[in-house]
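Tertiary structure, described
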Amino acid sequence: MRLGKVRHESKYLAIEYFHTEKNWSIGWMCKHLEVARAAYYKWLHRETPEDEMENIKLAELIKEYDERFSHILGYRRMTSWINHFNQTKYSKNRVHRIMKKLGIHSVIRKKKKKYRNANADETTQNILQRDFYATAPNQKWATDVTEFNIRGDKLYLSPVMDLFNGEIIAFQMERRPVFGLVKDMLKEAIETLNLNEKPMIHSDQGWQYQMRFYQKQLAERGLTQSMSRKGNCLDNAAMESFFGILKSECFYGEEFKSVDELEQKVKEYIHYYNHERIKVKLKGLTPVEYRNQSLEIA
């Protein structure tokens, strides 16, 4: 596989566009973009084999997932994520080889000192066990926190999803990943419940979900806490899938002048996601329509 084609694809496309539309010199552009003129002409008149096309497709997925998940995926997790969400069967060796060609690898982050490691009695078992199916509203919830980055300015989103219909029933946003982000989200979500509703709420092992105040809030309302196993990202795949859809449809490829503009866009998108975005698995209904229909039948 000649991944040089993938690596310089955007440069070749730019050269082709500006030469065709603006009549810019190919030699001048090749020089300033640091690509060989012969390589550009070879790309221009290329006949790409089917196997190489598949490798190029995989390389684009790898770059997309590496950016989407903030460079934390090693080749094993990268393979799992791509195969799970794209219904593909790429091998770990193939993914690993292309990641090496692209210079992509997982970034190991140092833990901040203010966050202590969890003791065994502070974490909770994985009660959900990847069973994301629910037969009625407010049986099973899932939650997580995701980060948006606009030229170094960050926005953190903490939503909670009802696994019955994928509806985002509460969310909070902050400029920093403070505990209040999760605390206020949980308070808002609990206020939507009837007295007899006591859903399980599933999360990863993030420090916010190990805080005693958070666990006390759950206990006082009778909610059951469930946590993903350490290092098992697919244990909370429903939330990760939502974040992927959200960023693909609302964030990637968009230009935001400020975090305030992004925050407003996320609010509008979540309303759209709940009230207007239909899903085939919900019989062609939106999440809110599906929930309302189920309550009418009940």
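It should be emphasised that the depicted structure is a prediction, and the values quoted were computed from it without experimental measurement.

Next up on the list: the overall build of the protein. Along the protein, the regular secondary structure elements total twelve helices and six strands. For the C-alpha atoms alone, the extent of the protein along its principal axes is close to 70 × 45 × 40 Å. With 298 residues in all, the protein has 43% of them scored as buried. Taking the intrachain contacts of the protein between residues at least 6 apart in sequence as the baseline, contacts between residues at least 24 apart amount to 63%. Summed over all atoms, the accessible surface of the protein reaches about 17400 Å², with 49% contributed by carbon and sulfur. Of the side chains in the protein, 50 bear a positive and 40 a negative charge, and the two mean positions are spaced by 7 Å.

Let us look at the packing of aromatic side chains. Under the counting rule described, the total for this entry stands at 17 aromatic pairs. Members of the aromatic cluster, joined through ring pairs, are Phe 242, Phe 243, Tyr 269, Tyr 272 and Tyr 273. We note Lys 247 situated over the ring of Phe 148; from NZ or CZ to the ring centre the distance is 5.1 Å.

Compared with the 16 Å implied by 1.5 Å per residue over twelve residues, the 17 Å span of helix H8 (residues 179-190) between its first and last C-alpha is a close match. Taken residue by residue, H8 has Phe 179, Leu 181, Val 182, Met 185, Leu 186, Ala 189 and Ile 190 as its buried positions. When H8 is viewed along its axis, its buried side chains cluster within an angular range of 165 degrees and face the same direction. Those residues of H8 that are buried are in contact with strand S1 (140-143), strand S3 (153-162), strand S4 (167-174), strand S5 (200-203) and helix H9 (212-221).

Rules and cut-offs
Residues numbered from 1 in each chain as written. Predicted model: local features only at pLDDT ≥ 70, side-chain atom pairs only at ≥ 80, totals over all residues. Heavy atoms only, no water. Helix = DSSP H or I, 4+ residues; strand = E, 2+ residues; numbered from the N terminus. Buried < 20%, exposed > 50% of the residue type's maximum accessible area, 1.4 Å probe, protein only. Contact = heavy atoms within 4.5 Å. Areas by Shrake-Rupley, 256 points an atom, 1.4 Å probe, with all protein chains shown as cover. Lys, Arg positive; Asp, Glu negative; His and termini not counted. Charge placed at Lys NZ, Arg CZ, Asp CG, Glu CD. Phe/Tyr/Trp six-rings, centres within 6.5 Å; stacked < 30°, edge-to-face > 60°. Lys NZ or Arg CZ within 6 Å of the ring centre and 35° of its normal. Expected span 1.5 Å × (residues − 1). Arc of directions from axis to C-beta.

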